[in-house]
Amino acid sequence: MKTVYPVFIAQNNNDYLVFVPDLEIYTEGVSFVDAIEMARDAIALKGISYEDEGIDLPLPSDGNEAMAKAKADADDTFDYSKGVLTYVDVDFSAYRKKYDNRMVRRNVTLPAWLNYEAEKSNLNVSKFLQEALKEKLMAK
């Protein structure tokens, strides 16, 4: 699922501070480009966390709503509404595929003869199954 969220980026000394009002995310970058990448990463992380917890992602605000949220967030220290309003796209499915590489244990049932032949051939069955599943799923 690909979504675009409004993001405010404001320079503060040598840093670029980032505020994503719809998800209440604060992050920063060392350059404007880095700030956008950090925003995309933070949005994607929060989005897949929400998915995993069964929480609906908030719909992206339009520019006026985002500005109102940024002004409401302002305090004596910092006002993101004075920064640049830009939009950052995030593909949650692609992000999950790219970064969610933790291993999950699965039990697999094989005929004894097949297991014997795999062991005799020094075949790593887990690795083989991973490669076969990737090939099969990528063919879709």
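Scroll up a little and you will see the structure.
Residues numbered from 1 in each chain as written. Predicted model: local features only at pLDDT ≥ 70, side-chain atom pairs only at ≥ 80, totals over all residues. Heavy atoms only, no water.

> Explain the overall build of the protein here, please?
Broken down by element type, the protein carries five helices and four strands. Rg of the C-alpha trace for the protein: 22 Å, well past the compact-globule value of 14 Å for 140 residues, more than 25% over. Dimensions of the protein, computed from the C-alpha atoms along their principal axes, are close to 70 × 30 × 25 Å. Carbon and sulfur atoms make up 52% of the accessible area of the protein, which amounts to about 10,100 Å² in all. Between the centroid of the 17 positive side chains of the protein and the centroid of its 24 negative side chains there is a distance of 10 Å. (Helix = DSSP H or I, 4+ residues; strand = E, 2+ residues; numbered from the N terminus. Rg over C-alpha atoms; globule rule 2.2 N^0.38 Å. Areas by Shrake-Rupley, 256 points an atom, 1.4 Å probe, with all protein chains shown as cover. Lys, Arg positive; Asp, Glu negative; His and termini not counted. Charge placed at Lys NZ, Arg CZ, Asp CG, Glu CD.)

> Help me understand the pattern of salt bridges, please; the structure alone is not making it clear to me.
Where side chains of opposite charge bring their charged atoms close, a pairing between them can arise. Taken as a whole, this structure holds six salt bridges when the rule is applied. In this structure, the salt-bridge partner of arginine 96 is glutamate 51, at a minimum N-O distance of 3.0 Å. Separated by 45 residues along the polypeptide, arginine 96 in helix α3 (residues 92-99) and glutamate 51 in helix α1 (residues 32-53) bring together distant segments of the chain. Taking relative accessible area as the criterion, arginine 96 reaches 22% and is therefore assigned partly exposed. For lysine 120, the salt bridge identified is with glutamate 117, shortest N-O distance 3.7 Å. Taken as a pair, lysine 120 and glutamate 117 lie in helix α4 (residues 112-120) at a separation of three residues, close to a single helical turn. Residues joined in a network through salt bridges with shared partners are Lys2, Arg40 and Asp89. (Salt bridge = Lys/Arg side-chain N within 4 Å of Asp/Glu carboxyl O. Buried < 20%, exposed > 50% of the residue type's maximum accessible area, 1.4 Å probe, protein only.)

> Is there a simple way to think about the packing of aromatic side chains in this case?
Two measures describe an aromatic ring pair: the distance that separates the ring centres and the angle between the ring planes. Under the defined criterion, the tally for this structure stands at five aromatic pairs. Their ring planes at 50° and their centres at 5.9 Å tell us that tyrosine 26 and tyrosine 80 sit as a pair that is tilted. Here tyrosine 26, found in strand β3 (residues 25-29), pairs with tyrosine 80, found in the loop between α2 (63-73) and β4 (84-91); they are 54 residues apart in sequence, far enough to count as distant. Assessed through its relative accessible area of 9%, tyrosine 80 is described here as buried. One aromatic cluster is present, formed by Phe19, Tyr26, Phe78 and Tyr80 through successive ring pairs. (Phe/Tyr/Trp six-rings, centres within 6.5 Å; stacked < 30°, edge-to-face > 60°.)

> Would you explain the nonpolar core in this entry?
One broad trend across soluble globular proteins is that nonpolar side chains are buried collectively. In terms of nonpolar packing, the biggest core is built from 20 residues, with Tyr5, Val7, Val18, Val20, Leu23 and Ile43 touching the most fellow members. Only β1 (2-12), β2 (15-20), α1, β4 and α3 provide two or more residues apiece to this core. Among the elements that line this core, the one with the most residues is α1, at seven residues. The contacts of valine 20, once residues within four sequence positions are left out, are Tyr5, Pro6, Val7, Ile25 and Ile43. (Core = buried A, V, L, I, M, F, W, Y, C linked by side-chain atoms within 4.5 Å. Contact = heavy atoms within 4.5 Å.)

> Even after reading the chapter, I still don't get the side chain of aspartate 22, so can you show me in this structure?
In this structure, aspartate 22 sits in the loop between β2 and β3. Side-chain polar atoms of aspartate 22 contact the side chain of serine 61, separated by 2.3 Å. Setting aside chain neighbours within four positions, we find aspartate 22 in contact with Tyr5, Pro6, Pro58, Leu59, Pro60, Ser61 and Lys69. (Polar contact = N/O pair within 3.5 Å; in protein donor to acceptor, adjacent residues only side chain to side chain.)

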